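These are the residues of each chain, in order.
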Amino acid sequence: QVQLVESGGGLVQAGGSLRLSCAASGGTFISTYRLGWFRQAPGKEREFVAVINWNGDRTYYTDSVKGRFTISRDNAKNTVYLEMNSLKPEDTAAYYCAASRGTTHYTYSPGYDYWGQGTQVTVSS
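Being a predicted model, the structure only gives us computed values, none of them experimental.

## Remarks on the overall build of the protein
- From N to C terminus, the protein includes zero helices and eleven strands.
- Mapped from its N terminus to its C terminus, the protein presents α and β elements in the order β-β-β-β-β-β-β-β-β-β-β.
- Expressed along its principal axes, the backbone C-alpha trace of the protein runs to roughly 40 × 25 × 25 Å.
- Burial analysis of the protein (125 residues in total) assigns 45% to the buried set.
- At a minimum sequence separation of 6, the contacts of the protein that also span at least 24 residues come to 57%.
- Taken as a whole, the protein presents about 6,400 Å² of accessible surface, with 47% of it coming from carbon and sulfur.

## Re the pattern of salt bridges
- The tally for this structure, following the rule as stated, stands at six salt bridges.
- Salt-bridge contacts for D113 lead to R101; the nearest nitrogen and oxygen are separated by 2.6 Å. In this pair, D113 is assigned in the loop between β9 (93-100) and β10 (114-115) and R101 in the loop between β9 and β10, connecting sequence segments twelve residues apart.
- With a relative accessible area of 32%, D113 lands in the partly exposed category.
- Counted as one network, the salt bridges with shared partners bring together R39, E47, R68 and D91.

## Brief notes about the side chain of R34
- Counting through the fold element by element, R34 comes out in strand β4 (residues 34-40).
- Buried within the structure, R34 lacks any salt-bridge partner; its nearest side chain of opposite charge belongs to D113, at an N-O separation of 8.6 Å.
- Engagement of the side chain of R34 in a polar contact is seen with the backbone oxygen of T104, the distance being 2.7 Å.
- Setting aside residues up to four positions removed in sequence, R34 forms contacts with V51, I52, R73, A98, A99, S100, G102, T104, H105, Y106 and Y112.

What counts, and where the lines are drawn
- Residues numbered from 1 in each chain as written.
- Predicted model: local features only at pLDDT ≥ 70, side-chain atom pairs only at ≥ 80, totals over all residues.
- Heavy atoms only, no water.
- Helix = DSSP H or I, 4+ residues; strand = E, 2+ residues; numbered from the N terminus.
- Buried < 20%, exposed > 50% of the residue type's maximum accessible area, 1.4 Å probe, protein only.
- Contact = heavy atoms within 4.5 Å.
- Areas by Shrake-Rupley, 256 points an atom, 1.4 Å probe, with all protein chains shown as cover.
- Salt bridge = Lys/Arg side-chain N within 4 Å of Asp/Glu carboxyl O.
- Lys, Arg positive; Asp, Glu negative; His and termini not counted.
- Polar contact = N/O pair within 3.5 Å; in protein donor to acceptor, adjacent residues only side chain to side chain.

As structure tokens, then:
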């Protein structure tokens, strides 16, 4: 059974940076999966943030984070990262990593097969 474990969340002031990590275990095939980050703020639906394909040569971002966030992966370590810069209070949310075989659109959260437990990011103004 694949497990995804996020880390790196915390409290940061607006304009600051955080780096989230998500380590996968329990399946050697995870390196062939698309890996994504989603977030959910209180009272809001879960939303797509970023995704990276299996070999890292394609990435996509939601418009609100373009130019500020960078997704990357290290298949040797079965880990995906989300580098977040110039953070804003509206980035405050629980951030989740997820893995998908890639059979549905990358923004479609039900299309992801495995999910982490989430890590909280809070940006103060």
